[in-house]
Amino acid sequence: METRSRKRRAVVDCSSEDDFIELDGSESDDIMCSQAFDVEVPGVQENSDDEILSDDSSSGGSGSRSFNRALYRRCMKDFQKMKKLKCQFELALEAQSKKEKSSSHSSDGFTRQSVSKFAGVIGFMSEEKKAIVRRYGFGSLLLFDKCFVPKKFSKWLASHVEVKSGDLIVNGKVISLTTDSVNLVLGIPLGGTSFPSNYSAGKATILSKIGKTSLPQISFFVDKLRAESLSEEEVIVCFLVVALHCFLCPNSNLVPSPRYLGVFEDIEHLRSYDWSGFVLRWMLHGVKNFDKGKKDVHKSSVTLGGCMFYLAAFNRRPESVPDNSDIDDFLTKLEEACGCDVPDSLKSSVLNVIEDHCKACVPPIPVFLMI
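> Which parts of the structure should I look at to understand the overall build of the protein?
Counting its regular elements, the protein contains 13 helices and nine strands. Of all 371 residues assigned to the protein, the portion counted as buried reaches 36%.

> Looking at this model, I keep getting lost on the packing of aromatic side chains. Mind explaining?
Here the distance between the centres and the angle between the planes together describe a pair of aromatic rings. According to the stated counting rule, one finds 14 aromatic pairs in the structure shown. Taking 5.8 Å as the distance between ring centres and 35 degrees as the angle between the ring planes, the aromatic pair formed by F118 and F144 counts as tilted. Taken together, the positions of F118 in helix α3 (residues 115–124) and F144 in the loop between α4 (127–135) and α5 (151–159) put the pair 26 residues apart, joining distant regions of the chain. When sorted by exposure, F118 lands in the same class as F144, which is buried.

> Would you mind showing me how to read the side chain of S257 here?
Along the chain, S257 falls in the loop between α9 (232–248) and α10 (275–294). Apart from the residues lying within four places of it in its own chain, the contact partners of S257 are N251 and W282.

> Can you help me understand the sheet that holds strand β8 (residues 173–176) in this one?
Backbone-to-backbone hydrogen bonds pair the strands of a sheet. The strands run either parallel or antiparallel. Within the open sheet, the three strands sit side by side as β6-β7-β8. Their pairing is antiparallel. Taken across any chain shown, the strands that pair with only one partner, and hence form the sheet edges, are β6 (161–162) and β8. Across two bridges, the pairing between β6 and strand β7 (residues 167–170) is antiparallel. Bridge pairing links E162 to D167 in β7.

> Could you clarify how one ought to interpret α10 in this entry?
Given 3.6 residues to a turn, an α-helix orients residues that are three or four positions apart in the same direction. For α10, built from 20 residues, the straight-helix expectation of 28 Å at 1.5 Å per residue is met to within 8% by its first-to-last C-alpha distance of 29 Å. Two to three positions downstream of the cap, the backbone nitrogen of G277 sits 3.1 Å from a side-chain oxygen, assigning the N-cap of α10 to D274.

> What's the story with the pairing of β8 in this structure? I'm lost.
On a regular strand, each side chain points to the face opposite its neighbour's, so the side chains alternate between the two faces of the sheet. Pairing geometry for β7 and β8, over four bridges, is antiparallel. Within the sheet, the bridge partner assigned to V170 lies in β8 and is K173. Hairpin connection, β7 to β8: the antiparallel pair is bridged by two residues, and N171 has positive phi, about 50 degrees.

> Explain the environment of T179 here, please?
Assignment of secondary structure puts T179 in helix α6 (residues 179–186). Remark: the alpha-carbon pair of T179 and G277, spanning 98 residues in sequence, is separated by 5.2 Å. With residues up to four places along the chain from it excluded, the contact list for T179 reads L190, S276, G277 and L280.

> What should I look at first to understand the pattern of salt bridges in this one?
In a structure, side chains of opposite charge can pair up when their charged atoms sit close to one another. Counted by the stated rule, this structure contains two salt bridges. One salt bridge connects E232 with R135, and the closest N-O pair in it is separated by 2.7 Å. Here R135 lies in helix α4 and E232 lies in helix α9, a separation of 97 residues in the sequence. The class of E232 is partly exposed, set by a relative accessible area of 38%. In this structure, E233 engages K209 in a salt bridge whose closest nitrogen and oxygen atoms are separated by 2.3 Å. Remark: K209 occurs in helix α7 (residues 200–210) and E233 occurs in helix α9; sequence separation between them is 24 residues. For E233, a relative accessible area of 24% corresponds to the partly exposed category.

> What is the right way to read the packing of α4 against α9 from this model?
For any two helices packed against each other, the geometry is given by the interaxial angle and the distance between the axes. Where α4 meets α9, the closest approach of the two axes is 9 Å, and the angle between their N-to-C directions is 80 degrees. The orientation of α4 with respect to α9, classified from their angle, is roughly perpendicular. Residues K129, I132, V133 and R135 of α4 touch α9, and the partners they reach there are E232, V235, I236 and F239. A per-class count over the contact of α4 with α9 returns five nonpolar, no polar and three charged.

> Any chance you could explain the confidence of the model for the protein here in plain terms?
Reading predicted coordinates in detail is not appropriate for stretches of low pLDDT. For the protein, the mean per-residue pLDDT works out to 76, and 68% of the residues sit at or above 70. In the model of the protein, strand β2 (residues 35–38) stands out as the element of lowest mean pLDDT, 42, in contrast to α4, which has the highest, 95. Contacts from residues 1–41, a stretch scored under 50 in pLDDT, to residues over four places away or in other chains number 58 contacts.

> How should unusual backbone geometry be read in this particular structure?
Peptide bonds are, in most cases, trans, and in most cases residues other than glycine have a negative phi. Here N171, not a glycine, exhibits a phi torsion of approximately 50 degrees, which is positive. A residue is classified by how much of its surface remains accessible, and N171, at 64% relative accessible area, is exposed.

Conventions used here
Residues numbered from 1 in each chain as written. Predicted model: local features only at pLDDT ≥ 70, side-chain atom pairs only at ≥ 80, totals over all residues. Heavy atoms only, no water. Helix = DSSP H or I, 4+ residues; strand = E, 2+ residues; numbered from the N terminus. Buried < 20%, exposed > 50% of the residue type's maximum accessible area, 1.4 Å probe, protein only. Phe/Tyr/Trp six-rings, centres within 6.5 Å; stacked < 30°, edge-to-face > 60°. Contact = heavy atoms within 4.5 Å. Pairing = 2+ DSSP bridges. Expected span 1.5 Å × (residues − 1). Polar contact = N/O pair within 3.5 Å; in protein donor to acceptor, adjacent residues only side chain to side chain. Salt bridge = Lys/Arg side-chain N within 4 Å of Asp/Glu carboxyl O. Axes fitted to C-alpha atoms, helices over the stretch in contact; angles between N-to-C directions. Parallel < 35°, antiparallel > 145°, perpendicular 65-115°, else oblique. Nonpolar A, V, L, I, M, F, W, Y, C, P; charged D, E, K, R; others polar. pLDDT = per-residue confidence, 0-100.

Listed below in structure tokens is the structure:
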């Protein structure tokens, strides 16, 4: 008898073994499937149709054939294994696709700067607590009105900062980023003692004020400011920690950074430190890390730290901002050139014209960055 080798017939779209009708030998030798095709399956024993349909010895040599149920069930079991492997493979492909999409946004900046949270804190603080903040020399922060800086605009600004020189260069125009400009925009203390590099004493002071053994998340300090019975030191500590984390020196962490906590060692002399210088250095360091992270293909996200509000606000100012002494000198020379006393109304008009001219010199911001 000639023996023929065949490929195993695979059955597709069969959900389970229970979906098949048990066939008696007298009914039919055919199996109805939605689709069948020949495929070699690795690791699965090949069985020919002759094995599935075997001779019925009880038929008295009539040549009739019976359905081999045991072999059929084994084939279906192998098929279910293949179906399960296919499902796992599809899930693995989907997970890989999501991972690749995530890595494609590696240049996106991420920061915990939350002007809305900071503005909300200022909004619910009582006048008594605001008076405490003013007495410590940080009343200018209370003037902040919620002003959202779009993420695209922040990234665009950061890409135009020359960290080594400390300049913002836009369309060939150079705007120097200095501690004076930080003080001008934010109104925080300028000059004085640098922030302590050893922050352990300041951190210990904060923990003792809030009754904790480790630094909690920033939400704790926000909630604590809502309490009615707080000492003056507790008010100023909680307010400045929120201001530093959410506005002045944000990073990607939910917990305040210990790097700026050294100033709280001596709470009575908080204003004696160079806050403007620290905020500027923090921002430049954040931009530097952001630029470095964009070049690292292994990083899925990059932190853009620093006060982007300062960078955005100062970008809209002229290259140089005259102080009161410069204005007085200019008006004196104007009167000398005219040879007579110039009325105050005329002086004011001249200054307004100069101011409008300086504003026109500021480079425009691309519209798509504000979306």
